[in-house]
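Results of the structural survey
If you want the building blocks of each chain, they are given just below.
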Amino acid sequence: MLKSLASLRFVFAFLVFLHHIDVLQDALGHAFFYALSGFILSYVYAERFAEQKISLSRFLKLRLSRLYPLYVLTLLAAVPLSLGFLASNAEQWMLQFVANLFMLQSFIPNAEYYFAFNSLGWSISDLFFFYTLFPVLLCGFRKYTHRSICGLFSLFFLLILSLMYIIPQELQHWFFYINPLLRLFDFALGMLLYQLLKKASFGRFDSRFTWYESGSLVLLVIFYTSAALFPKVLRYSVYYWLPMLAVIGVFAQQKGALSKLLSKPVFLFLGNLSFGFYLWHQLILRYARRAVNHFEITLADWQFYSMSFMLILLVCYFSYRFFELPMKQKLRRHF
């Protein structure tokens, strides 16, 4: 288990929260989560697929048992927030619901679909699409040399940059930020990073890596503070690839003091809550805002967001303890 990366999931889920309360200008978490998923799945499953110890159907069932129960629960929890739209346009509401239920919303270039209900569900739609292609990508990594694959990624990088001048502005948010076909490269980069590092020793303490870990975080901060110098369309995905890969690659080796700190039980506990925190936080913010407005409660922004954060953590704990874990265990017994 790569404990430091498990804990970092919560850190980046919290950064998504900060973006949604307008503290951060860019959503830093998605590029990290996609690349991290590619890296972790390669770490866990690459050899198992190579040795034919696991099938695609088994792999997808295992991933569904982790993602889908909470995904559906938060989808249903978002339904009351959409009843006004249901009353005015029942047909479109049903189409949106079906697209979200089957995790297809991110393929539809319309914010009324990919942001419908739980507006973070689009990223789970992306993830499951990546999972279906994971064995195919693994075959490509085994078949071709690292040099060939890096060359191919360089060509795709240039293609993406070229498309930024071609795609109409009104479609850029979907095409470069939501679109699973493009965000697949974030995931594949994580897989490539694992291929480059898989012969490294993981976990043996090396004091030099404390500096490397600190340096990777400083690099991310530099990229973020310089982001305003670059167009928004670049920051939707490719801009943050380098610092995210640096953070994942360095912390995956678990050799520095910061990795050891992140391996402490309290951080691992928060890492376990990260998926719930990610899916619940915006819904709870929306419900909390409605409650505050309904009861005419006067709160400063910092008070509202601090109380909401504590409520989100509480909901995440109960969700993880009494829903996510039992559902995952129950489903996996049947697979």
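Residues numbered from 1 in each chain as written. Predicted model: local features only at pLDDT ≥ 70, side-chain atom pairs only at ≥ 80, totals over all residues. Heavy atoms only, no water.

Description of the confidence of the model for the protein chain
- In the predicted model, the protein chain carries a mean pLDDT of 92, and the fraction of residues at 70 or more is 97%.
- Per-element mean pLDDT across the protein chain ranges from 89 in helix H8 (residues 146–163) up to 96 in helix H5 (residues 90–101). (pLDDT = per-residue confidence, 0-100. Helix = DSSP H or I, 4+ residues; strand = E, 2+ residues; numbered from the N terminus.)

As for the state of the cysteines
- All chains considered together, the criterion is met by 0 disulfides.
- Between Cys-139, a cysteine without a disulfide, and Cys-150, which holds the nearest cysteine sulfur, the sulfur-to-sulfur distance is 19 Å. (Disulfide = S-S within 2.5 Å.)

Thoughts on the packing of aromatic side chains
- For the coordinates displayed, the defined rule picks out 41 aromatic pairs.
- Seen from their ring centres, Phe-209 and Tyr-212 are 4.9 Å apart, and the 75° between their planes marks the pair as edge-to-face. Note that Phe-209 and Tyr-212 are positioned in helix H11 (residues 208–225) at a spacing of 3 residues, about one turn of the helix.
- By relative accessible area, which is 40% here, Tyr-212 ends up partly exposed.
- Relative to Tyr-317, the ring of Phe-269 lies with its centre 6.1 Å away and its plane at 50°, an arrangement referred to as tilted. Placement of the pair is Phe-269 in helix H15 (residues 265–294) and Tyr-317 in helix H16 (residues 301–333), with a sequence separation of 48 residues.
- You can call Phe-269 partly exposed: its relative accessible area is 36%.
- Over the ring of Phe-304 we find Arg-289, and its NZ or CZ is 3.8 Å from the ring centre. (Phe/Tyr/Trp six-rings, centres within 6.5 Å; stacked < 30°, edge-to-face > 60°. Buried < 20%, exposed > 50% of the residue type's maximum accessible area, 1.4 Å probe, protein only. Lys NZ or Arg CZ within 6 Å of the ring centre and 35° of its normal.)

A word on unusual backbone geometry
- Positive phi, close to 65°, is recorded for Asp-22, a residue that is not glycine.
- Following the sequence through the fold, Asp-22 ends up in the loop between helix H1 (3–20) and helix H2 (29–50).
- The exposed category is assigned to Asp-22, whose relative accessible area is 69%.

Things to note about the layout of surface pockets
- In this structure, the largest pocket encloses a volume near 860 Å³.
- If you go around the largest pocket, you meet 31 residues; those closest to its centre are Arg-9, Ser-37, Ile-40, Arg-63 and Arg-66.
- The set of elements that each furnish at least two residues to the lining of the largest pocket consists of H1, H2, helix H3 (56–78), helix H7 (121–143), H15 and H16.
- Examining the composition of the lining of the largest pocket, we find that 10 residues originate from one element, H2, more than from any other.
- Space inside the second largest pocket adds up to approximately 360 Å³.
- If you trace the second largest pocket, you find 15 residues lining it, with Phe-157, Leu-189, Trp-241, Leu-242 and Leu-245 closest to the centre.
- Put simply, the parts of the chain that give the lining of the second largest pocket at least two residues each are H8, helix H10 (180–197) and helix H13 (241–252). (1 Å grid on protein atoms, 1.4 Å probe; cavity = no way out; pocket = protein on both sides within 12 Å on 5 of 7 lines; lining within 4 Å. Points joined across faces, edges and corners; volume = space filled by probe spheres on them.)

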